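Notes for the structure review
Here are the chains, one letter per residue:
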Amino acid sequence: MDKIPSAASRIHVATSVEIAGREAAGRAASVIRDTLATRGNARVIFASAPSQQAMLTALVEEPGIDWSLVRSFHMDEYLNLASDHPNSFGRWLEERLPVAAHAGLERIRTHGRPAAEAVRYGALISEAPIDLVCLGVGVNGHIAFNEPGTSDPDDPEIARVVTLNDASRRQQVDEKLFATLDEVPTQALTLTVPALLSGRSLVCSVIGSHKADAVARALQGPVDASSPASYLRTHPDVTWFLDDAAATGLNRETRRSDTSLQL
């Protein structure tokens, strides 16, 4: 499979992390506001990662969002890590969403049987359409914890237990989330590729030179399992927000997708 970005795909390169975050937040807020206005509630899946910090900081400051009407999900969680651990993805997201959003936040449970939790959480995702997915890309091209070589756009599951590869675990150490590789869990529960692509609109925020190769492969390489992020190019409404450092591997033709957004 080898596709170019769809006509609805946008790639926006900003001169700083803060600007990229504000612009990503503006797009996300626009989707949420429009959904609240037309349906009265919204369902959003969020990534929990340092690359999302600037976007989330700006998003909670956006006007016109009644967060009590937003049902939030996170896209992955470590197994064998307590729910109150500082590096729990659910805790990370809860600490950054406004208090009004907490009642509507559905966290992945870290106790009990992982396979049963994958079924339970997948059922929550499937209850109604997802309006917005705010995600990033890992250094190895993963989205959520869908790892290269093991990700399937036709996966019949909504959530599944996965084993993390060394690059994904090393990224957690490099980003100073864990002190050593031995501290990083080896397994996680993740939403699958089709679950992420089920969102009506996708906002993808990627920052830093360490992500440049992954961004270039996702946007300019083949659309296949070697780069799970490449599957975003099959989605009809995805907007990429990059800082200059993350965009250094993009060629001129790809950068032509950089547009002024009407938020």
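Our subject is the structure listed above.
Residues numbered from 1 in each chain as written. Predicted model: local features only at pLDDT ≥ 70, side-chain atom pairs only at ≥ 80, totals over all residues. Heavy atoms only, no water.

On the basis of which strands lie adjacent, the open sheet formed by 3 strands has the order E4-E8-E7 and antiparallel pairing. Strands at the two margins of the open sheet, each flanked by one partner only, are strand E4 (76-78) and strand E7 (159-163). Direction aside, the axes of adjacent strands within the sheet are offset by 20° on average. Bridge analysis of E7 against strand E8 (residues 187-191) gives 5 bridges, and the strand direction is antiparallel. The residue bridging Ala159 from the neighbouring strand is Leu191, located in E8. (Pairing = 2+ DSSP bridges. Helix = DSSP H or I, 4+ residues; strand = E, 2+ residues; numbered from the N terminus. Axes fitted to C-alpha atoms, helices over the stretch in contact; angles between N-to-C directions.)

A few words on unusual backbone geometry. Positive phi values are uncommon outside glycine, yet Asn80 reaches one of about 60°. Structurally, the position occupied by Asn80 is in the loop between E4 and helix H3 (89-96). When its relative accessible area of 73% is taken as the criterion, Asn80 is described as exposed. One non-glycine residue with positive phi stands out, namely Lys176, at about 65°. (Buried < 20%, exposed > 50% of the residue type's maximum accessible area, 1.4 Å probe, protein only.)

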